[in-house]
Amino acid sequence: MTTMPRRAFLARSLGGLILLGAGSTLLTACSGGGSSAAGSAGSVAFRLSYTHSVSFAGTYLAITDGFYAAQGIERVELIEGGPTATPTPLDVGVGKALLGVASTPDQVATARLNGGAAVKIVGALYQKNPYAVTSLASAPIRTPQDLVGRTIGVQAVNETVWTAFLEGAGIDPASVTTVPVQFDPSPLTQGEVDGWFSFVTNEPVTLAAAGYDVETLLLADNGYPLVAQVYVADESTLSGERRADLVKCLTAEIEGWIAAITDPERAASITVDSYAPDLGLDLAVQTDIARIQNGLIVAGDTRSSGLMTVTDDLVAQNLATLAASGLDISADDLFDLSVLAEVYDARPDLATALADVAIDG
């Protein structure tokens, strides 16, 4: 098969977590309301972790289906991320958005420890991170032990995660040949590497769509527990007058994500047709990504405790994972799940809304 150009690959696959920072395109959804940096009464600014994709379908449906409006929020400004912009925690920390989504907790921990941002995680959409090693089915890598003696392509931005994963899995880094790569997985399809550091919501889907038979080793199931797509707010908002707006936003977000999880086809179509019509996203690929990410979202205790909740045990596991990567931070410094508790205290029906929903991912 022919090499997939990087531009075409990214156009088809955007929707996985691509940890390159964040960009700055602005979309205004719904009408009405005045605005300030983070929004005002009846208006909020919401920071996405990357450019528009099915990764944010729950937010799109929260807007389109009127869940935000039902909370008295008539105008939602969606601030896109991208490869050149400031990371979400820093933007939220300086008031550019009331609420934002950061790809992983390490972005938030870094912003607090090194960037001076007084931000905390208020919920985690993905209970499992999407980090994975993708291999061709003809030479599969299914367990950490299968990595020994193999050559793995790892992007520079993911080297810290990769090193921490090997340590946690008990694999001697010297037993694995790690080579630097970019983001086009052609070296895997051309046999230059045996495995590709990827996101289960990204490269495996696009490669399968291109006709390749692949296997994935999910890091979250093999000693690297870390939540992802975390919702972030500033401490001044958590303790200030706009705390009530956070409760409203998270309520709408949860309702939107319940709708997206229940109907992944609609989640993909609203993304492609209404929010990213000019990005060249492939509807079939986005639908597959929606189904796969459902398995990352509805996991652990979320069927009974509700979307975005993080158990004490999972918090502890995340802190240990971050410490292994050199980020030593306490639970109280990184997490504030009290707003989420308010949401479910007021709307206990939302906590079990997905209890009996079948998840394809």
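Residues numbered from 1 in each chain as written. Predicted model: local features only at pLDDT ≥ 70, side-chain atom pairs only at ≥ 80, totals over all residues. Heavy atoms only, no water.

**Some words on the nonpolar core**
By size, the foremost hydrophobic cluster in this structure holds 59 residues, and its most contacted members are F46, Y68, L99, Y231, L250, L307 and M308. Sort the elements by how many residues they give to this core and helix α10 (residues 243–262) lands first, with 11 residues. Within the second largest apolar cluster, 44 residues are counted, among which are A164, L166, F199 and V315. (Core = buried A, V, L, I, M, F, W, Y, C linked by side-chain atoms within 4.5 Å. Buried < 20%, exposed > 50% of the residue type's maximum accessible area, 1.4 Å probe, protein only. Helix = DSSP H or I, 4+ residues; strand = E, 2+ residues; numbered from the N terminus.)

**Thoughts on unusual backbone geometry**
Of note in the backbone geometry, Q229 takes a positive phi value of approximately 50 degrees without being a glycine. Relative to the helices and strands, Q229 resides in strand β11 (residues 228–234). Relative accessible area serves as the criterion here: at 1%, Q229 is assigned to the buried category. Here M308, not a glycine, exhibits a phi torsion of approximately 75 degrees, which is positive. With respect to the helices and strands, M308 occurs in the loop between α13 (302–305) and α14 (312–324). By relative accessible area, which is 0% here, M308 ends up buried.

**Looking at the packing of helix α2 (residues 57–64) against helix α11 (residues 264–275)**
Orientation of α2 relative to α11, taken along the N-to-C sense of each, is 75 degrees, at an axis distance of 9 Å. Between α2 and α11, the crossing angle belongs to the class labelled roughly perpendicular. Here A57, Y60, L61, I63 and T64 of α2 come into contact with α11, specifically with R266, A267, I270, T271 and Y275. Tallied by class, residues from the contact of α2 with α11 come to 7 nonpolar, 2 polar and 1 charged. (Axes fitted to C-alpha atoms, helices over the stretch in contact; angles between N-to-C directions. Parallel < 35°, antiparallel > 145°, perpendicular 65-115°, else oblique. Contact = heavy atoms within 4.5 Å. Nonpolar A, V, L, I, M, F, W, Y, C, P; charged D, E, K, R; others polar.)

**A word on the packing of aromatic side chains**
Overall, the coordinates contain 7 aromatic pairs when judged by the stated rule. Consider the rings of F46 and Y231, whose centres lie 5.9 Å apart with planes at 65 degrees: the pair is edge-to-face. A residue pair is termed long-range when its members are at least 10 positions apart, and F46 in strand β2 (residues 43–47) and Y231 in strand β11 qualify at 185 residues. With respect to burial, F46 and Y231 carry one shared label: buried. Ring geometry for Y60 versus Y275: centroids 4.0 Å apart, planes at 10 degrees, classification stacked. Highlighted residues: Y60 in helix α2 and Y275 in helix α11, separated in sequence by 215 residues. Within the aromatic cluster, the residues linked to one another by ring pairs are Y131, W162, F165, F197, F199 and Y224. (Phe/Tyr/Trp six-rings, centres within 6.5 Å; stacked < 30°, edge-to-face > 60°.)

**As for α14**
Helix length check: α14, at 13 residues, gives a terminal C-alpha distance of 19 Å against a target of 18 Å (1.5 Å per residue), a fit within 8%. Of all the positions in α14, only L314, V315, N318, L319, T321 and L322 are classed as buried. For α14, the angular spread of the buried residues around the axis is 160 degrees, confining them to a single face. Exposed and facing more than 90 degrees away from the buried side of α14 are D312 and D313. For α14, the secondary structure elements touched by its buried residues are α5 (105–113) and α15 (331–334). Just downstream of α14 lies G326, where phi reads positive at about 95 degrees. (Expected span 1.5 Å × (residues − 1). Arc of directions from axis to C-beta.)

**Looking at helix α12 (residues 283–297)**
In an α-helix, one turn spans 3.6 residues, which is why side chains three or four residues apart end up on the same side. In this model α12 runs 21 Å from its N-terminal to its C-terminal C-alpha over 15 residues, within 8% of the 21 Å that 1.5 Å per residue would give. Among the residues of α12, those classed as buried are V285, Q286, T287, I289, A290, Q293, N294, G295, L296 and I297. Where α12 starts, the residue carrying a side-chain oxygen 3.0 Å from the main-chain nitrogen of A284 turns out to be D282. (Polar contact = N/O pair within 3.5 Å; in protein donor to acceptor, adjacent residues only side chain to side chain.)

**So, the environment of D221**
Assignment of secondary structure puts D221 in the loop between β10 (214–218) and β11. Here K128 takes part through its side chain, which lies 2.9 Å from a polar atom of the side chain of D221.

**Re the packing of α2 against α10**
The angle between the axes and the distance between the axes are what describe a pair of packed helices. Their axes nearest at 7 Å, the elements α2 and α10 cross at an angle of 110 degrees. Taken together, α2 and α10 sit at an angle that is classed as roughly perpendicular. From α2, A57, G58, T59, L61 and A62 reach across to α10, where they touch A252, E253, G256, W257, A259 and A260. A breakdown of the residues in the contact of α2 with α10 according to their chemical character gives 7 nonpolar, 3 polar and 1 charged.

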